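Architecture at a glance
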Amino acid sequence: MPATDDPHWERALINRLAVEFLRQQRRSRRWGLVLKLGLLAYVILLSATLVLDGLGDSMGATGEHAAVIKIEGLIADKTSASAERIIKGLHQAFEADTVKAIILSINSPGGSPVQSGYVFDEIRRLRELYPDTPVYAVAADVCASGAYYIASATDAIYVDRATLIGSIGVRLDSFGFKRALDELGIQRRLLTAGEHKGILDPFSDFDDWDRTFIQGLLDNLHQQFISAVKEGRGDRLQGGDELFSGLFWTGQESLELGLSDGLGSAASVARKIVGTEKLVDYSQERDLLERFAERVGTAFAARLAELTGAAVPSLR
């Protein structure tokens, strides 16, 4: 602090504050530049990694090999396990001259009956167009519900002894808050054009007619699921109605029930069944921006919505 008897002390103080302010500004700009350069380096490195991953897969697709298509996580639109991505991978694999067989590497609890049905139908169609290219499903930790729907379209299903497999059923998740509103004295005002338009509104009554109607829809979807599994598995199914009750079993038990055909991993199936050591990944990844956004966390909300699947019938 300048001496107060100095007639110019105010100017000196202002100058000193100005110098300190400029020093802080330079320091802030320096750290800001460092952070920006660090972020830019991270983006460049991540982009290069993603591009090289893709190039590595495409460059590795030479010579006879088994094509691997991963079905991981929730089967739903706009996910890595969407019908669009799975089918695109299937087309590329079937059309490749050096593919000896296709292996679906599955680790999924299921998901959308529509997406699962799309893939099932396309596998059946492609198997007829390319009868010399077998398709195998290899289940890892979980191959349940919609995932099993897809697997049943293949020539054979291989599991680990501890794999959880089956869950041939349909579910619809919802909640009812009508009583809570009544106790709180809250009036629900829902306006609809159509007597049953608000049938699944969680704040309205859910009477016997509503329940019967929704149950009919689920039963219809269930029968479609059952028909697809029977079409795909045929006489290999050894169990009774319990197979279609929504229960699931270990891989070891599934062999006895005819839900699967043998034990094995993708590598062992390629080596022992297909006759090649070479595996090439034909999975269709999300585009660069989607994958980057997911890695840095900006896709969290969208992913949460995908996983909850509120008020939508699901095979999982």
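Everything discussed here concerns the structure shown above.
Residues numbered from 1 in each chain as written. Predicted model: local features only at pLDDT ≥ 70, side-chain atom pairs only at ≥ 80, totals over all residues. Heavy atoms only, no water.

Quick notes on the layout of surface pockets
- Roughly 310 Å³ of internal volume is contained in the second largest pocket.
- Taken together, 16 residues line the second largest pocket, and the ones lying closest to its centre are Ser174, Phe175, Leu200, Phe206 and Arg211.
- Here the lining of the second largest pocket takes four residues from helix α6 (residues 208-233), the largest share from any one element.
- Of the residues contributing to the lining of the second largest pocket, the split by class is eight nonpolar, four polar and four charged. (1 Å grid on protein atoms, 1.4 Å probe; cavity = no way out; pocket = protein on both sides within 12 Å on 5 of 7 lines; lining within 4 Å. Points joined across faces, edges and corners; volume = space filled by probe spheres on them. Helix = DSSP H or I, 4+ residues; strand = E, 2+ residues; numbered from the N terminus. Nonpolar A, V, L, I, M, F, W, Y, C, P; charged D, E, K, R; others polar.)

Notes on the pattern of salt bridges
- Inspection of the entire model under this criterion finds eight salt bridges.
- The shortest N-O distance in the salt bridge between arginine 171 and aspartate 173 comes to 2.6 Å.
- Look at arginine 171 and you get partly exposed, because its relative accessible area is 38%.
- Aspartate 173 sits in the partly exposed class, given a relative accessible area of 29%.
- What emerges from the salt-bridge pattern is a single network uniting Arg233, Arg236 and Asp261. (Salt bridge = Lys/Arg side-chain N within 4 Å of Asp/Glu carboxyl O. Buried < 20%, exposed > 50% of the residue type's maximum accessible area, 1.4 Å probe, protein only.)

Observations regarding the pairing of strand β2 (residues 99-108)
- β2 sits mainly inside the fold: seven of its ten residues count as buried.
- Alignment of strand β1 (residues 65-72) against β2, held across eight bridges, turns out to be parallel. Paired with alanine 66 across the strands is alanine 101, a residue of β2.
- As for the winding sense of the linkage, the β-α-β connection from β1 through helix α2 (residues 83-95) to β2 is right-handed.
- Pairing between β2 and strand β3 (residues 135-144): six bridges, direction parallel. (Pairing = 2+ DSSP bridges. Right-handed = clockwise from strand over helix to strand, strands pointing away.)

Concerning the nonpolar core
- Counting residues in hydrophobic clusters, the biggest one holds 45 residues, and the most contacted among them are Leu90, Ile102 and Leu104.
- Looking at which element gives the most residues to this core, the answer is α2, with six residues.
- For leucine 90, the contacting residues outside a window of four places in its chain are Ile69, Ile102, Leu104, Val119, Ile123 and Leu126.
- The next biggest cluster of nonpolar side chains, apart from the first, holds eleven residues, and it includes Ala101, Tyr158, Ala266 and Ala270. (Core = buried A, V, L, I, M, F, W, Y, C linked by side-chain atoms within 4.5 Å. Contact = heavy atoms within 4.5 Å.)

Focus: helix α3 (residues 113-129)
- Across its 17 residues, α3 extends 24 Å between first and last C-alpha, which sits within 8% of the 24 Å expected from 1.5 Å per residue.
- Within α3, the full set of buried residues consists of Pro113, Gln115, Ser116, Gly117, Val119, Phe120, Glu122, Ile123 and Leu126.
- Contacts from the buried residues of α3 go to α2, β2, α4 (146-151) and α6.
- N-capping of α3 is provided by serine 112, with a side-chain oxygen placed 3.2 Å from the backbone N of valine 114. (Expected span 1.5 Å × (residues − 1). Polar contact = N/O pair within 3.5 Å; in protein donor to acceptor, adjacent residues only side chain to side chain.)

Description of the pairing of β3
- Burial analysis of β3 places seven of its ten residues in the buried class, which makes it a mostly covered element.
- In this fold, β2 hands off to α3, which returns the chain to β3; that crossover is right-handed.
- Direction of pairing for β3 relative to strand β4 (residues 156-159): parallel, over a ladder of three bridges. Paired with valine 138 across the bridge in β4 is tyrosine 158.
- Regarding the hand of the β-α-β motif, the stretch spanning β3, α4 and β4 is right-handed.
- Bridge count for β3 against strand β5 (residues 164-166) is three bridges, and the pairing is parallel. By the bridge assignment, valine 142 is partnered in β5 with leucine 164.

Looking at the packing of α2 against α3
- Two numbers describe how α2 lies on α3: the axes approach to 9 Å, and their chain directions differ by 15°. It follows that α2 is roughly parallel to α3 by the angle criterion. The two elements α2 and α3 meet at a crossing, and its hand is right-handed. The segment α2 lies against α3, with Ala83, Glu84, Ile86, Ile87, Leu90, His91 and Phe94 engaging Gln115, Tyr118, Val119, Glu122, Ile123, Arg125, Leu126 and Arg127.
- When its residues are assigned to classes, the contact of α2 with α3 shows nine nonpolar, two polar and four charged. (Axes fitted to C-alpha atoms, helices over the stretch in contact; angles between N-to-C directions. Parallel < 35°, antiparallel > 145°, perpendicular 65-115°, else oblique. Left-handed = near helix turned anticlockwise from the far one by under 90°.)

Read these as layout, nothing more, since geometry by itself doesn't imply function.
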